[in-house]
Amino acid sequence: MEAAGAKWGVVVVAAGRGTRMGTSTSKQYLLLQDKPILVHTLERFQAMDDITEVVLVVGKEDTERCEQFVSEYGLHKVKAVLAGGSERQHSVTIGIQALGSHIEWAMVHDGVRPLVTAEAVHRCMVKAEETEAAVLAVPVKDTIKQVNEIGVITATPDRQSLWAIQTPQAFRRSLLQRALAQAAHDQFLGTDDAMAVERLGVQVSVAEGDYTNIKITTPEDLPYAEFLLASRGGRGDK
Ligand SMILES: Nc1ccn([C@@H]2O[C@H](COP(=O)(O)OP(=O)(O)OP(=O)(O)O)[C@@H](O)[C@H]2O)c(=O)n1
Ligand SMILES: C[C@](O)(CO)[C@H](O)COP(=O)(O)O
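Each chain carries its own residue numbering, running from 1 in the direction its sequence is written. For this description, chains carry letters from A and ligands carry numbers from 1, given in the order in which they are written. Whole-chain, interface and lining totals are the exception, using all residues; otherwise, since this is a predicted model, local features are given only for residues with pLDDT of at least 70 and side-chain atom pairs are given and counted only at 80 or more. Here the side-chain values reflect all heavy atoms present in the structure, with hydrogen atoms and water set aside.

- An unreviewed UniProt entry annotates the chain as 2-C-methyl-D-erythritol 4-phosphate cytidylyltransferase of Paenibacillus albus.
- UniProt positions are given in the numbering used here, feature names are shortened, and annotations may be inferred rather than shown by experiment. One UniProt comment on the chain, placed under Catalytic activity (unreviewed entry), says "2-C-methyl-D-erythritol 4-phosphate + CTP + H(+) = 4-CDP-2-C-methyl-D-erythritol + diphosphate".

So this is what it looks like as C-alpha cells:
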C-alpha cells in the first residue's frame, strides 16, 4: 500500500521527562537491544521512501546528543533537532512550524513508540490523504469504567465505541497548524493532536493500528518491547 506520492513530513516528539518510567535517564534514551529507544523510532521513518523529512523535538539539554545520534546512525532525513516545550502539544507546535515550506502533509509520532510498522504508518497516511485527518487506533480489549474521586464506578461506556489512540497522527499540514494555533489562542491543552483538530469541528478518522505499537510509558513496557523487537529478529519494522 502506498500513499499517493504527496510530500510528507514527520515530527517526532521526544521532549518529555518520562516521570511514569521513574528512571534517572529519560525513557527515550534507554536502550533496547543496545540502541536508544528514540533511535529505533527514527529508524522506522528513515527507512520509509515516502517520508521526505523528519523534525526531531527533544529536551533542551539533549539537542547535542541527539545531533550526534543523527550523524552516528545515518538519520539524514532529520532536518532539525529542536528544543521542545513544557507540554507535548507545545513540542508538537514547535516541530510543525519547522517542517519545510514544501511539506503539505504532516504526521506526529511519539519518540517512545519504536515498534510502529511501516504498514501501519502507510495505513494512516492513506486514510489522512482521503479524509484530511487520521490517527492510528485499536479497539480496547478491556471493559472501561469511569470512576469517581472516591473510587466508585459512575459509568460503563459501551466498549463498541471505545478505541485506544496511538501515533502517528496524520493531517493536512495547514489544518494541524490552524488547529494548534486555535488551541494556543484558547489556552486548550490536549493529550493528543487529534483533539486540537476535533475541536474545530473537523472529523478525524481512525486507521487500523497494531496492538504492538506500544507507547513505552512504565517499567513493565520495557521487557515487552524487548520481546517484541527480538521476535522481529531485532528489527522494529516487521
Ligand atoms: N513536553 C513534552 C512532553 C512529552 N513529549 C513527548 O510526547 C511523547 C508521549 O508522551 P509521554 O509518553 O507521556 O512521555 P513523557 O511526558 O516523557 O512521560 P510522563 O508523562 O510519564 O512524564 C513522548 O515521546 C514524549 O517525549 C514531548 O515531546 N514534550
Ligand atoms: C498521543 C498519545 O500517544 C496517544 O495515545 C498519548 O495521548 C500521549 O499521551 P501522554 O499523556 O503524553 O502519554
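A look at the nonpolar core
Moving on, step 1. Only buried residues count toward a nonpolar core. Its members are Ala, Val, Leu, Ile, Met, Phe, Trp, Tyr and Cys residues joined through side-chain atoms within 4.5 Å. Think of it in three bands: with a 1.4 Å probe and only protein chains considered, a residue is buried below 20% of the maximum accessible area for its type, exposed above 50%, and partly exposed in between. Among the nonpolar cores identified, the biggest contains 32 residues, and Leu38, Ile51 and Leu56 are the most heavily contacted of them.
Moving on, step 2. Every helix listed is a DSSP run of H or I at least four residues long, and every strand listed is a run of E at least two residues long, numbered separately from the N terminus. Going through the elements one at a time, β1 (8-14), α1 (37-46), β4 (51-58), α2 (63-72), β5 (78-83), β6 (105-110), α4 (118-131) and β7 (133-139) are the ones with two or more residues in this core.
Moving on, step 3. Note on definitions: a residue-residue contact is assigned when non-hydrogen atoms from the two residues lie within 4.5 Å. Ignoring sequence-local partners within four residues, the contact set of Leu38 consists of Val12, Ala14, Gln28, Tyr29, Leu56, Val58, Cys66 and Gly111.

What about the site of ligand 2?
Moving on, step 1. Consider each residue's heavy atoms; a residue with any of them within 4 Å of a molecule or strand counts as near. All residues in the neighbourhood of ligand 2 are listed as Arg20, Arg88, Asp110, Arg113, Ile165, Thr167, Thr191, Asp192 and Lys215.
Moving on, step 2. Within the complex, the protein chains bury 74% of what would otherwise be the 360 Å² of accessible surface of ligand 2.
Moving on, step 3. Because more than half of its atoms lie within 2 Å of the grid, ligand 2 is assigned to the largest pocket. Each accessible area is a Shrake-Rupley estimate made with a 1.4 Å probe; only the visible protein chains count as cover when residues are assessed. A cavity, in this analysis, means grid points on a 1 Å lattice covering only the protein atoms where a 1.4 Å probe fits yet has no way out; a pocket is instead an open set bounded by protein on both sides within 12 Å along at least five of seven lines, and a residue lines either one if it has an atom within 4 Å of a point. Those molecules having more than half of their atoms within 2 Å of a cavity or pocket grid point set are described as sitting in that cavity or pocket.

Considering the UniProt feature "site: Transition state stabilizer" (unreviewed entry) in the chain
Moving on, step 1. The positions UniProt marks with the feature "site: Transition state stabilizer" (unreviewed entry) are Arg20 and Lys27. For the largest pocket, the lining residues drawn from the annotated set are Arg20 and Lys27.
Moving on, step 2. By the secondary structure assignment, Arg20 is in the loop between β1 and β2 (31-32).
Moving on, step 3. Given a relative accessible area of 57%, Arg20 falls into the exposed group.
Moving on, step 4. In this structure, Arg20 is in contact with Lys215, Thr217, Thr218 and Pro219, ignoring residues within four places of it in sequence.
Moving on, step 5. Checked against the element boundaries, Lys27 lands in the loop between β1 and β2.
Moving on, step 6. For Lys27, a relative accessible area of 10% corresponds to the buried category.
Moving on, step 7. Not counting the four nearest positions on each side in its chain, Lys27 is found in contact with Gly18, Met21, Ile37, Val112, Ile216 and Thr217.

Observations concerning empty space enclosed by the protein
It is a probe the size of a water molecule, rolled over the atoms, that shows where empty space is left.
Moving on, step 1. Grid points are joined across faces, edges and corners, and a volume is the space filled by probe spheres set on the points. Applying the stated criterion to the full structure yields one cavity of 30 Å³ or more.
Moving on, step 2. In this structure, the largest cavity encloses a volume near 30 Å³.
Moving on, step 3. Secondary-structure elements contributing two or more residues to the lining of the largest cavity are α3 (88-98) and α6 (193-198).
Moving on, step 4. Residues are sorted three ways: Asp, Glu, Lys and Arg are charged, Ala, Val, Leu, Ile, Met, Phe, Trp, Tyr, Cys and Pro are nonpolar, and all the rest, Gly among them, are polar. Considering only residue class, the lining of the largest cavity consists of two nonpolar, three polar and three charged.

Digging into the pattern of salt bridges
Moving on, step 1. Salt bridges, as used here, are contacts in which a Lys or Arg side-chain nitrogen is within 4 Å of a carboxyl oxygen on Asp or Glu. Across all of its chains, the model carries 10 salt bridges by this definition.
Moving on, step 2. In this structure, Glu132 engages Arg172 in a salt bridge whose closest nitrogen and oxygen atoms are separated by 2.8 Å. Of this pair, Glu132 sits in the loop between α4 and β7 while Arg172 sits in strand β10 (residues 163-172), and the two are 40 residues apart along the sequence.
Moving on, step 3. Taking the relative accessible area as the measure of exposure, Glu132 reaches 27% and is therefore partly exposed.
Moving on, step 4. Given a relative accessible area of 28%, Arg172 falls into the partly exposed group.
Moving on, step 5. One connected set of salt bridges, linked through shared partners, spans Arg88, Asp110, Arg113 and Asp193.

Some thoughts on the packing of aromatic side chains
Moving on, step 1. Paired rings are identified among Phe, Tyr and Trp, the last through its six-membered ring, by centres lying within 6.5 Å, and are further divided according to the angle between planes into stacked (under 30 degrees), edge-to-face (over 60) and tilted (the rest). Here the structure, examined in full by the defined rule, presents four aromatic pairs.
Moving on, step 2. When the ring of Tyr29 is compared with that of Phe69, the centres are 6.3 Å apart and the planes differ by 40 degrees; the resulting orientation is tilted. A residue pair is termed long-range when its members are at least 10 positions apart, and Tyr29 in the loop between β1 and β2 and Phe69 in helix α2 qualify at 40 residues.
Moving on, step 3. Overall, Tyr29 belongs to the buried group, its relative accessible area being 5%.
Moving on, step 4. A relative accessible area of 13% places Phe69 in the buried class.
Moving on, step 5. Aromatic pair Phe69 and Tyr73: ring centres 6.2 Å apart, planes at 65 degrees, arrangement edge-to-face.
Moving on, step 6. On the basis of relative accessibility, which here comes to 25%, the residue Tyr73 falls in the partly exposed class.
Moving on, step 7. Through successive ring pairs, a cluster of aromatic residues spans Tyr29, Phe69 and Tyr73.

Regarding the pairing of β7
Moving on, step 1. Across the seven residues that make up β7, a large majority, six, are buried.
Moving on, step 2. As defined by bridge partners, β7 adjoins strand β11 (residues 205-208) across four bridges and the pair is classed as parallel. Across the sheet, the residue bridging to Val135 is Val206, located in β11. Note on pairing: DSSP must find at least two bridges between two strands before they are called paired.

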